[in-house]
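# Coordinate inspection notes
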Amino acid sequence: MKENDIDGFISKFNNENFNNLKGISIFQRSKGVNEIVYAVGRYGENKPLYFVEFNTSQKRIKNISRSLLIQNSIPDYLTDNEITNAVNEIRKYDFYLLSVDSSENVFINPYRPNEPAYYLRLSENISDSIVRKGYVFNHYKDNWYINDKN
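This text gives an overview of the structure that appears in the document. None of the values given here were measured: they were computed from a predicted structure.

Scanning the entire structure with this criterion turns up 9 salt bridges. Where Glu82 meets Arg42, a salt bridge forms, and the shortest distance between an N and an O atom there is 3.3 Å. Note that Glu82 is positioned in helix α3 (residues 80-93) and Arg42 in strand β2 (residues 35-42), a separation of 40 residues in sequence. Residue Glu82 is classed as partly exposed on the basis of its relative accessible area of 28%. For Arg66, the salt bridge goes to Asp76, with nearest N and O atoms at 2.9 Å. With Arg66 in the loop between β4 (60-65) and α2 (67-71) and Asp76 in the loop between α2 and α3, the pair connects residues that are 10 residues apart, well separated along the chain. What you see here is one network of salt bridges that share partners, running through Arg66, Asp76 and Asp80.

Right, dumping it as structure tokens:
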């Protein structure tokens, strides 16, 4: 999907249900020839992230690293199933970032790695022209907002 086709993107994902990722944030950390590394954590929580190595040729998770949790003496806060589900979801859409907060607001970056959310889809329509959720998002249409840095 092309970056300048905002309406096409919104049309495609306007009714998409991301609720099974409620409270989860996942983003692509790095990409190699046969491997993508994803970082997974709880949305909005300041806890160390899990790093997940996904083998693209075998289409499976190769390793879930808990090294940052161990370094910081933090117990597991996501199950392997939750982590696997998050990886499967982001791969299904081929996004670089996909986060869903506790209110079911959805943050998406489908275009570029290592950048913040480009789109914000609010779970409820509000009349605000600007929303601040970590970044400033400007109203585009309906319950969709676009990061003002993009």
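Moving on, we get to the layout of surface pockets. Considered as a void within the structure, the largest pocket measures approximately 390 Å³ in volume. Every element with two or more residues in the lining of the largest pocket is listed here: β1 (24-31), β2, β5 (97-100), β6 (106-109) and β9 (135-141). Here the element with the most residues in the lining of the largest pocket is β1; it accounts for 3 residues. Broken down by class, the residue content of the lining of the largest pocket amounts to 11 nonpolar, 8 polar and 6 charged.

The phi angle at Asp94 is positive, at roughly 60°, despite the residue not being glycine. Secondary-structure assignment places Asp94 in the loop between α3 and β5. Although it is not a glycine, Asp142 sits at a positive phi angle of roughly 50°. As for its position among the elements, Asp142 is in the loop between β9 and β10 (144-147).

One open sheet accounts for 10 strands, arranged β4-β3-β2-β1-β5-β6-β7-β10-β9-β8; its pairing is antiparallel. Both outer strands of the open sheet, β4 and β8 (130-133), are each paired with one neighbouring strand and no more. Neighbour-to-neighbour, the strand axes of this sheet turn through a mean angle of 25°, independent of strand direction. Sheet strands touched by helix α1 (residues 6-13): β6, β7 (119-121), β9 and β10. Its angle to β9, the strand with the most contacts, is close to 85°. Packing against the sheet, α3 makes contact with β1, β2, β3 (50-55), β4 and β5, and its axis sits at approximately 125° to β2.

About the cut-offs
- Along each chain, numbering runs from 1 in the same order as the chain's sequence is written.
- For a predicted model such as this one, the threshold for reporting local features is a pLDDT of at least 70, and the threshold for listing and counting side-chain atom pairs is 80 or more; totals across whole chains, interfaces and linings nevertheless cover every residue.
- Note that water and hydrogens are dropped before the side-chain values are worked out from all heavy atoms of the structure.
- Basic side-chain nitrogens of Lys or Arg form a salt bridge, by our definition, when they fall within 4 Å of a carboxyl oxygen of Asp or Glu.
- Secondary structure elements are defined from DSSP: runs of H or I of at least 4 residues count as helices, runs of E of at least 2 residues count as strands, and each element is numbered from the N terminus.
- For every residue, the accessible area obtained with a 1.4 Å probe (protein chains only) is divided by the maximum for its type, and the residue is called buried under 20%, exposed over 50%, and partly exposed between those limits.
- Only protein atoms enter the 1 Å grid used here, on which a cavity is any set of points holding a 1.4 Å probe that cannot leave and a pocket is any open set flanked by protein within 12 Å on both sides along at least five of seven lines; residues with an atom within 4 Å of a point are listed as lining.
- Grid points are joined across faces, edges and corners, and a volume is the space filled by probe spheres set on the points.
- Three classes are used, and their members are as follows: Ala, Val, Leu, Ile, Met, Phe, Trp, Tyr, Cys and Pro are nonpolar, Asp, Glu, Lys and Arg are charged, and the others, Gly among them, are polar.
- Any two strands with at least two DSSP bridges between them are considered paired.
- Fitting a line to C-alpha atoms yields each axis, with helices limited to the stretch in contact; the angle taken between N-to-C directions then spans 0 to 180 degrees.
- Any two residues whose heavy atoms approach within 4.5 Å are treated as being in contact.

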